[in-house]
Amino acid sequence: MEDMNLIFLGPPGAGKGTQAKLVADKCGIPQISTGDILRQAVKDVTPLGKEAQGYMERGDLVPDQVVIGIIEERLQQPDSQAGYILDGFPRTEVQANALAETLEQAGSAIDHVVNIEVGDDELIRRLAGRRTCKDCQEPYHVTFSPPNVQGVCDKCGGEIIQRKDDQEETVRTRLKVYREQTAPLIAYYEKRGLLRNVAGTGDIEEIFHSILGVVEGR
Ligand code: AP5
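To keep things clear, this report deals only with the structure shown in the data block. Since the model is a prediction, treat every value here as computed from it, not as a measurement.

Side note on the sheet that holds strand β5 (residues 130-133)
Sheets are built from strands paired through backbone hydrogen bonds, the pairs being either parallel or antiparallel. Across the sheet, which stays open at both edges, the 3 strands sit in the order β6-β5-β7 with antiparallel pairing between neighbours. At either margin of the open sheet sits one strand with a lone partner, and together these are β6 (139-141) and β7 (160-161). Pairing of β5 with β7, which is carried by 2 bridges, proceeds in the antiparallel orientation. Counted as the bridge partner of C133 is I160 from β7.

Topic: the packing of aromatic side chains
A full pass over the atoms with the stated rule returns 1 aromatic pair. In this structure, R192 packs its charged tip against the face of Y188, placed 3.7 Å from the ring centre.

Re the site of the ligand
Taken together, 36 residues sit near the ligand, with T18, D60, R91, R130 and R174 positioned nearest. Within the backbone of G17, one N or O atom sits 2.8 Å away from an oxygen atom of the ligand. Between R163 and the ligand, the recorded distance is 3.1 Å, taken from a side-chain N or O atom to an oxygen atom. For the ligand, whose free accessible area comes to 1,000 Å², the fraction covered by protein is 96%. Going through the elements one at a time, α1 (16-27), α2 (34-43), α6 (120-129), β6 and α9 (204-215) are the ones with two or more residues in the shell around the ligand.

Cut-offs applied
- Residues numbered from 1 in each chain as written.
- Predicted model: local features only at pLDDT ≥ 70, side-chain atom pairs only at ≥ 80, totals over all residues.
- Heavy atoms only, no water.
- Pairing = 2+ DSSP bridges.
- Helix = DSSP H or I, 4+ residues; strand = E, 2+ residues; numbered from the N terminus.
- Phe/Tyr/Trp six-rings, centres within 6.5 Å; stacked < 30°, edge-to-face > 60°.
- Lys NZ or Arg CZ within 6 Å of the ring centre and 35° of its normal.
- Near = heavy atom within 4 Å.
- Polar contact = N/O pair within 3.5 Å; in protein donor to acceptor, adjacent residues only side chain to side chain.
- Areas by Shrake-Rupley, 256 points an atom, 1.4 Å probe, with all protein chains shown as cover.

Given below as structure tokens:
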């Protein structure tokens, strides 16, 4: 599969990160997660991290110009030239328009917007039980996909922790922010003929194959 430029869209907990990692490995393209980039910056206490931390811990979006800057820089890296998955970006219409402009200037375009659909009750169940590797950000779930050894990442041996923004109150704020600011992108991309809806409930492997089918046009 060549030059596949994908966006993974969906509410918090839909499985964007889980599926983006699988598809990225399978297709040999990078997974570009604004959430992962921002969390790393918070961990490293960089100026970006200091700016983003408060927004993230409240469950609010980081200002558009900050994340647009991150993506513009990331898309210029050599590993993004033969395709990528944008996981968690764009999240507002301002971000979507900025991306469209950047790509147009570069003579490039998005091929598919994979919209992963999951109901609210399931999202809350997933986020409450989610655990994440502190080092490589691999996602786990206490019931649905636990690591082989409790507290230790299967991939890198790092410590597995609970994200601060996965506490119940913050999860509710994130779902509200999603509904108000990000869900309108479903219509935005549908209008542009790029939207591919995928049911995000059920077995992780089956969802992965549905997504592959969609992006490979099977
Ligand atoms: P971000 O990290 O992007 O968080 P999010 O969108 O809220 O998404 P999540 O990571 O919570 O969920 P996911 O869909 O990736 O699900 P996952 O695969 O982990 O953003 C965090 C914050 O950063 C934002 O709140 C904001 O402040 C800021 N930010 C980031 N991007 C931004 C932007 N563009 N603009 C402004 N601010 C931005 O799965 C969830 C759980 O479910 C896991 O435990 C997993 O193991 C489990 N699971 C997955 N699939 C299944 C399945 N099929 N069945 C059962 N369990 C499953």
